[in-house]
Amino acid sequence: MVDPEFEKLVNLELNNLTIRDEARSRFEESRIHTFELPQGLRASDPLPVGPPELINGLVLAHGSTGLIGEKETGKTLTALEIQHCLLTGEPLWGAIKPNKIIKRSIHFYAEHSCRTVLELYRAMQFPPTDQLVFYGPEHLREMKLIISSGIRRDRAVSVYKRLAEGAGLVVFDPIAAFVQGEGAENDNTQMRHLIDSMIDIARDVGAACLVLGHQGKAQLVRGEYRSRSSYATRGASSIEDALTAVLYLNRKEGSIGGRDLFEITPKHYKGKRSQKSFQLLRDRETLRQTLLTDSLRIS
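### Brief notes about the overall build of the chain
Looking only at helices and strands, the chain features seven helices and 16 strands. Across the chain, the fraction of contacts at a sequence separation of at least 24, relative to all contacts at a separation of at least 6, is 63%. Here the chain has roughly 17,400 Å² of accessible surface; of this, 51% comes from carbon and sulfur atoms.

Encoded structure:
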(Lines give C-alpha, C1' and ligand atoms only; values in the text may rest on other atoms or scores of the structure.)
Protein backbone atom coordinates (compact mmCIF):
# COMPACT_ATOMS: atom_id res chain seq x y z
CA MET A 1 0.00 0.00 0.00
CA VAL A 2 1.33 3.43 -0.99
CA ASP A 3 1.91 5.82 1.86
CA PRO A 4 -0.45 8.81 1.29
CA GLU A 5 2.09 11.22 2.76
CA PHE A 6 4.81 9.89 0.42
CA GLU A 7 2.45 10.20 -2.56
CA LYS A 8 1.71 13.77 -1.58
CA LEU A 9 5.43 14.63 -1.51
CA VAL A 10 5.98 12.98 -4.90
CA ASN A 11 3.17 14.97 -6.48
CA LEU A 12 4.53 18.16 -4.92
CA GLU A 13 7.97 17.50 -6.37
CA LEU A 14 6.49 16.70 -9.79
CA ASN A 15 4.63 19.99 -9.65
CA ASN A 16 7.86 21.83 -8.76
CA LEU A 17 9.67 20.20 -11.69
CA THR A 18 6.87 21.24 -14.05
CA ILE A 19 7.04 24.80 -12.77
CA ARG A 20 10.83 24.92 -13.22
CA ASP A 21 10.58 23.58 -16.77
CA GLU A 22 7.97 26.18 -17.64
CA ALA A 23 10.04 28.95 -16.04
CA ARG A 24 13.14 27.84 -17.97
CA SER A 25 11.15 27.78 -21.21
CA ARG A 26 9.82 31.29 -20.66
CA PHE A 27 13.29 32.55 -19.73
CA GLU A 28 14.84 31.18 -22.94
CA GLU A 29 11.96 32.66 -24.93
CA SER A 30 12.61 36.09 -23.39
CA ARG A 31 16.30 35.85 -24.30
CA ILE A 32 15.41 35.18 -27.93
CA HIS A 33 13.33 38.35 -28.07
CA THR A 34 16.16 40.47 -26.63
CA PHE A 35 18.80 39.00 -28.99
CA GLU A 36 19.37 41.11 -32.08
CA LEU A 37 19.44 38.74 -35.02
CA PRO A 38 22.60 39.19 -37.12
CA GLN A 39 22.48 39.70 -40.89
CA GLY A 40 25.35 37.33 -41.55
CA LEU A 41 27.75 37.52 -44.47
CA ARG A 42 26.31 36.85 -47.91
CA ALA A 43 28.36 35.10 -50.56
CA SER A 44 27.83 38.16 -52.76
CA ASP A 45 29.28 40.53 -50.13
CA PRO A 46 32.78 41.99 -50.64
CA LEU A 47 35.58 40.67 -48.48
CA PRO A 48 35.93 42.48 -45.13
CA VAL A 49 38.28 45.47 -45.14
CA GLY A 50 41.79 44.80 -43.85
CA PRO A 51 44.45 42.13 -44.46
CA PRO A 52 43.59 38.53 -43.48
CA GLU A 53 47.01 38.23 -41.82
CA LEU A 54 48.92 40.62 -39.59
CA ILE A 55 52.13 38.90 -40.70
CA ASN A 56 52.02 36.78 -43.84
CA GLY A 57 52.12 33.06 -43.14
CA LEU A 58 52.44 33.55 -39.38
CA VAL A 59 49.71 35.53 -37.62
CA LEU A 60 46.10 35.66 -38.74
CA ALA A 61 44.16 38.88 -38.20
CA HIS A 62 41.05 36.95 -37.18
CA GLY A 63 40.32 33.67 -35.42
CA SER A 64 43.34 32.25 -33.64
CA THR A 65 46.91 31.24 -34.46
CA GLY A 66 48.59 28.56 -32.39
CA LEU A 67 52.38 28.45 -31.93
CA ILE A 68 53.20 24.94 -30.71
CA GLY A 69 56.61 23.71 -29.60
CA GLU A 70 58.43 21.48 -27.17
CA LYS A 71 59.58 22.85 -23.84
CA GLU A 72 62.45 25.36 -24.08
CA THR A 73 62.22 25.77 -27.85
CA GLY A 74 61.48 29.50 -27.61
CA LYS A 75 57.72 29.91 -28.01
CA THR A 76 57.55 32.93 -25.70
CA LEU A 77 60.60 34.66 -27.17
CA THR A 78 59.18 34.15 -30.68
CA ALA A 79 55.90 35.69 -29.50
CA LEU A 80 57.86 38.67 -28.14
CA GLU A 81 59.57 39.12 -31.52
CA ILE A 82 56.17 39.02 -33.26
CA GLN A 83 54.76 41.62 -30.88
CA HIS A 84 57.78 43.91 -31.30
CA CYS A 85 57.39 43.67 -35.08
CA LEU A 86 53.69 44.54 -34.98
CA LEU A 87 54.16 47.43 -32.56
CA THR A 88 57.11 49.05 -34.33
CA GLY A 89 56.78 47.98 -37.96
CA GLU A 90 60.35 46.66 -37.93
CA PRO A 91 60.67 43.57 -40.17
CA LEU A 92 60.32 40.32 -38.25
CA TRP A 93 63.60 38.39 -38.17
CA GLY A 94 65.08 41.15 -40.32
CA ALA A 95 63.03 40.10 -43.34
CA ILE A 96 59.22 40.02 -42.99
CA LYS A 97 57.31 43.31 -42.85
CA PRO A 98 53.96 43.30 -41.02
CA ASN A 99 50.79 44.09 -42.98
CA LYS A 100 49.58 46.30 -40.16
CA ILE A 101 51.06 48.17 -37.21
CA ILE A 102 49.12 47.88 -33.97
CA LYS A 103 48.96 50.37 -31.09
CA ARG A 104 48.93 47.90 -28.19
CA SER A 105 49.62 44.24 -27.45
CA ILE A 106 48.54 42.29 -24.37
CA HIS A 107 50.46 39.19 -23.26
CA PHE A 108 48.70 36.98 -20.71
CA TYR A 109 51.44 34.85 -19.15
CA ALA A 110 49.63 32.36 -16.93
CA GLU A 111 52.44 30.30 -15.43
CA HIS A 112 55.40 31.00 -13.13
CA SER A 113 55.64 34.78 -12.70
CA CYS A 114 55.28 37.79 -14.95
CA ARG A 115 58.85 38.70 -14.05
CA THR A 116 60.01 35.69 -16.11
CA VAL A 117 58.70 37.06 -19.38
CA LEU A 118 59.81 40.62 -18.57
CA GLU A 119 63.36 39.40 -17.90
CA LEU A 120 63.28 37.55 -21.23
CA TYR A 121 62.13 40.74 -23.00
CA ARG A 122 65.02 42.68 -21.46
CA ALA A 123 67.53 39.92 -22.29
CA MET A 124 66.46 40.21 -25.93
CA GLN A 125 67.47 43.88 -25.77
CA PHE A 126 64.12 45.24 -26.88
CA PRO A 127 63.50 48.88 -25.94
CA PRO A 128 61.16 49.73 -23.05
CA THR A 129 57.60 50.47 -24.17
CA ASP A 130 54.19 51.07 -22.63
CA GLN A 131 52.52 49.57 -25.70
CA LEU A 132 53.26 45.99 -24.61
CA VAL A 133 51.65 44.94 -21.33
CA PHE A 134 52.20 41.65 -19.49
CA TYR A 135 49.71 40.15 -17.05
CA GLY A 136 50.95 37.23 -14.97
CA PRO A 137 49.38 34.96 -12.33
CA GLU A 138 50.20 37.55 -9.68
CA HIS A 139 47.97 40.04 -11.51
CA LEU A 140 45.19 37.71 -12.69
CA ARG A 141 44.97 35.88 -9.32
CA GLU A 142 41.60 34.09 -8.97
CA MET A 143 40.58 35.26 -12.45
CA LYS A 144 43.39 33.36 -14.21
CA LEU A 145 41.32 30.27 -15.07
CA ILE A 146 39.02 30.63 -18.08
CA ILE A 147 37.65 27.07 -17.88
CA SER A 148 37.28 25.26 -14.56
CA SER A 149 35.90 21.70 -14.33
CA GLY A 150 34.37 22.06 -17.78
CA ILE A 151 32.59 25.33 -17.01
CA ARG A 152 33.45 28.66 -18.63
CA ARG A 153 34.05 31.28 -15.94
CA ASP A 154 32.17 34.21 -17.46
CA ARG A 155 33.35 36.67 -14.81
CA ALA A 156 36.97 35.83 -15.62
CA VAL A 157 36.28 36.21 -19.35
CA SER A 158 34.84 39.66 -18.67
CA VAL A 159 38.02 40.61 -16.77
CA TYR A 160 40.20 39.42 -19.67
CA LYS A 161 38.15 41.51 -22.09
CA ARG A 162 38.57 44.60 -19.94
CA LEU A 163 42.33 44.07 -19.68
CA ALA A 164 42.63 43.53 -23.46
CA GLU A 165 40.81 46.72 -24.46
CA GLY A 166 42.67 48.65 -27.16
CA ALA A 167 44.90 45.74 -28.13
CA GLY A 168 45.62 44.72 -31.70
CA LEU A 169 47.03 41.37 -30.56
CA VAL A 170 46.26 39.23 -27.52
CA VAL A 171 48.70 36.45 -26.55
CA PHE A 172 47.74 33.54 -24.28
CA ASP A 173 50.82 31.78 -22.90
CA PRO A 174 50.52 28.74 -22.55
CA ILE A 175 47.19 27.04 -23.32
CA ALA A 176 47.21 24.54 -20.45
CA ALA A 177 47.62 27.20 -17.75
CA PHE A 178 44.15 28.68 -18.40
CA VAL A 179 42.16 25.49 -17.73
CA GLN A 180 41.76 23.33 -14.64
CA GLY A 181 39.96 20.09 -13.89
CA GLU A 182 40.56 16.35 -13.87
CA GLY A 183 41.89 15.35 -17.28
CA ALA A 184 41.00 18.79 -18.67
CA GLU A 185 43.95 19.09 -21.06
CA ASN A 186 43.00 15.79 -22.71
CA ASP A 187 39.27 16.54 -22.83
CA ASN A 188 38.18 17.55 -26.35
CA THR A 189 35.09 19.43 -25.19
CA GLN A 190 36.88 21.47 -22.51
CA MET A 191 39.84 22.40 -24.68
CA ARG A 192 37.64 23.46 -27.61
CA HIS A 193 35.60 25.51 -25.14
CA LEU A 194 38.84 27.13 -23.93
CA ILE A 195 40.08 28.05 -27.42
CA ASP A 196 36.63 29.39 -28.36
CA SER A 197 36.69 31.57 -25.23
CA MET A 198 40.15 32.92 -26.09
CA ILE A 199 38.94 33.80 -29.59
CA ASP A 200 35.88 35.45 -28.05
CA ILE A 201 38.07 37.61 -25.79
CA ALA A 202 40.26 38.78 -28.68
CA ARG A 203 37.37 39.26 -31.12
CA ASP A 204 35.41 41.32 -28.58
CA VAL A 205 38.19 43.93 -28.46
CA GLY A 206 38.96 43.72 -32.19
CA ALA A 207 42.32 41.99 -31.75
CA ALA A 208 44.12 39.03 -33.30
CA CYS A 209 44.70 36.00 -31.08
CA LEU A 210 48.00 34.15 -30.63
CA VAL A 211 47.97 31.03 -28.45
CA LEU A 212 51.14 29.28 -27.31
CA GLY A 213 51.17 25.59 -26.45
CA HIS A 214 53.41 22.59 -25.82
CA GLN A 215 54.01 19.67 -28.13
CA GLY A 216 53.49 16.18 -26.78
CA LYS A 217 56.54 14.17 -25.82
CA ALA A 218 58.35 12.25 -28.53
CA GLN A 219 57.41 8.56 -28.72
CA LEU A 220 59.90 5.70 -28.86
CA VAL A 221 59.46 3.97 -32.25
CA ARG A 222 61.83 1.15 -33.21
CA GLY A 223 64.52 2.43 -30.90
CA GLU A 224 64.20 6.08 -31.98
CA TYR A 225 62.32 8.96 -30.38
CA ARG A 226 60.00 10.56 -32.94
CA SER A 227 57.67 13.53 -32.68
CA ARG A 228 54.33 13.51 -34.44
CA SER A 229 54.23 15.41 -37.71
CA SER A 230 50.53 16.27 -37.28
CA TYR A 231 48.29 16.84 -34.23
CA ALA A 232 51.48 17.12 -32.21
CA THR A 233 49.99 19.49 -29.62
CA ARG A 234 49.97 18.02 -26.13
CA GLY A 235 46.53 17.02 -24.97
CA ALA A 236 43.21 16.89 -26.81
CA SER A 237 43.16 16.81 -30.60
CA SER A 238 40.38 19.41 -30.53
CA ILE A 239 42.98 22.08 -29.69
CA GLU A 240 44.33 22.08 -33.23
CA ASP A 241 40.84 21.69 -34.70
CA ALA A 242 39.65 24.79 -32.81
CA LEU A 243 42.68 26.90 -33.75
CA THR A 244 42.34 28.63 -37.11
CA ALA A 245 46.02 28.14 -37.92
CA VAL A 246 48.74 26.05 -36.29
CA LEU A 247 52.51 26.61 -36.42
CA TYR A 248 55.04 24.05 -35.14
CA LEU A 249 58.27 25.40 -33.66
CA ASN A 250 61.13 22.88 -33.52
CA ARG A 251 64.86 22.85 -32.89
CA LYS A 252 66.92 21.60 -35.84
CA GLU A 253 70.30 19.88 -35.73
CA GLY A 254 73.35 21.95 -36.40
CA SER A 255 74.31 25.62 -36.14
CA ILE A 256 75.70 28.35 -38.34
CA GLY A 257 78.24 30.90 -37.11
CA GLY A 258 77.62 29.98 -33.48
CA ARG A 259 73.87 30.47 -33.83
CA ASP A 260 71.40 27.62 -33.29
CA LEU A 261 68.93 26.57 -35.94
CA PHE A 262 65.14 26.47 -35.44
CA GLU A 263 62.22 25.99 -37.79
CA ILE A 264 58.59 27.14 -37.82
CA THR A 265 56.35 24.98 -39.96
CA PRO A 266 52.78 26.07 -40.81
CA LYS A 267 50.26 23.28 -40.13
CA HIS A 268 46.48 23.26 -40.60
CA TYR A 269 46.68 26.79 -41.98
CA LYS A 270 42.98 27.10 -42.75
CA GLY A 271 41.74 29.21 -45.60
CA LYS A 272 45.10 29.25 -47.35
CA ARG A 273 47.32 26.89 -49.28
CA SER A 274 50.23 25.30 -47.43
CA GLN A 275 53.39 27.38 -47.18
CA LYS A 276 57.04 26.61 -46.81
CA SER A 277 58.61 26.63 -43.38
CA PHE A 278 60.61 29.46 -41.82
CA GLN A 279 64.18 28.55 -40.87
CA LEU A 280 65.66 30.73 -38.14
CA LEU A 281 69.09 31.30 -36.67
CA ARG A 282 68.99 32.19 -32.95
CA ASP A 283 71.71 34.26 -31.31
CA ARG A 284 72.85 32.52 -28.12
CA GLU A 285 73.33 35.77 -26.21
CA THR A 286 70.36 37.96 -27.15
CA LEU A 287 68.12 35.04 -28.25
CA ARG A 288 67.04 37.18 -31.21
CA GLN A 289 66.36 35.28 -34.43
CA THR A 290 67.22 35.90 -38.07
CA LEU A 291 65.45 34.39 -41.06
CA LEU A 292 67.59 32.21 -43.30
CA THR A 293 67.43 33.22 -46.95
CA ASP A 294 66.37 30.64 -49.53
CA SER A 295 69.98 30.26 -50.66
CA LEU A 296 71.05 29.22 -47.16
CA ARG A 297 68.11 27.02 -46.22
CA ILE A 298 69.03 23.65 -44.75
CA SER A 299 67.10 20.64 -46.02
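On we go from here.
### Digging into the layout of surface pockets
What the largest pocket holds in volume is close to 520 Å³. In this structure, the largest pocket is lined by 23 residues; those nearest its centre are Glu72, Thr73, Gly74, Lys75 and Thr76. Taken together, the residues of the lining of the largest pocket break down into seven nonpolar, six polar and 10 charged.

### Focus: the pattern of salt bridges
The tally for this structure, following the rule as stated, stands at 13 salt bridges. The closest approach of N and O atoms between Arg152 and Asp154, which form a salt bridge, is 2.9 Å. Arg152 sits in the partly exposed class, given a relative accessible area of 23%. With a relative accessible area of 47%, Asp154 lands in the partly exposed category. A salt bridge links Glu263 to Lys252, with the nearest nitrogen and oxygen atoms 3.4 Å apart. Of this pair, Glu263 sits in strand S14 (residues 259–267) while Lys252 sits in strand S13 (residues 245–256); the two residues are 11 residues apart in sequence, bridging distant segments of the chain.

### Observations concerning the sheet that holds strand S6 (residues 147–148)
Reading across from one edge, S7-S6-S9 is the order of the three strands in this open sheet, with mixed pairing throughout. The open sheet is flanked by strand S7 (151–152) and strand S9 (179–180), the only strands paired with a single partner. Alignment of S6 against S9, held across two bridges, turns out to be parallel. In the strand pairing of S9, Ile147 is matched with Val179.

### Quick notes on the side chain of Gln279
Its location among the elements puts Gln279 in strand S15 (residues 278–282). Of note is the side chain of Gln279, whose polar atom sits 3.2 Å from the side chain of Glu263.

### Some details on helix H5 (residues 154–163)
Within H5, the full set of buried residues consists of Ala156, Val157, Tyr160 and Lys161. The buried residues of H5 occupy an angular sector of 140° when the element is viewed end-on, so they sit on one face. Facing away from the buried side of H5 by over 90 degrees, the exposed positions are Arg155 and Arg162. Structurally, H5 contributes buried residues whose contacts are with strand S4 (105–109), helix H4 (137–140), S7, strand S8 (169–173) and helix H6 (188–204).

### What about the packing of H5 against H6?
Where H5 meets H6, the axes come as close as 9 Å, and the angle between the chain directions of the two elements is 40°. Between H5 and H6 the crossing geometry is right-handed. Counting all contacts with H5, which are made through Val157, Tyr160 and Lys161, the residues of H6 involved are Asp200, Ile201 and Asp204. Here the contact of H5 with H6 is built from residues that sort into three nonpolar, no polar and three charged.

The rules we used
- Residues numbered from 1 in each chain as written.
- Predicted model: local features only at pLDDT ≥ 70, side-chain atom pairs only at ≥ 80, totals over all residues.
- Heavy atoms only, no water.
- Helix = DSSP H or I, 4+ residues; strand = E, 2+ residues; numbered from the N terminus.
- Contact = heavy atoms within 4.5 Å.
- Areas by Shrake-Rupley, 256 points an atom, 1.4 Å probe, with all protein chains shown as cover.
- 1 Å grid on protein atoms, 1.4 Å probe; cavity = no way out; pocket = protein on both sides within 12 Å on 5 of 7 lines; lining within 4 Å.
- Points joined across faces, edges and corners; volume = space filled by probe spheres on them.
- Nonpolar A, V, L, I, M, F, W, Y, C, P; charged D, E, K, R; others polar.
- Salt bridge = Lys/Arg side-chain N within 4 Å of Asp/Glu carboxyl O.
- Buried < 20%, exposed > 50% of the residue type's maximum accessible area, 1.4 Å probe, protein only.
- Pairing = 2+ DSSP bridges.
- Polar contact = N/O pair within 3.5 Å; in protein donor to acceptor, adjacent residues only side chain to side chain.
- Arc of directions from axis to C-beta.
- Axes fitted to C-alpha atoms, helices over the stretch in contact; angles between N-to-C directions.
- Left-handed = near helix turned anticlockwise from the far one by under 90°.

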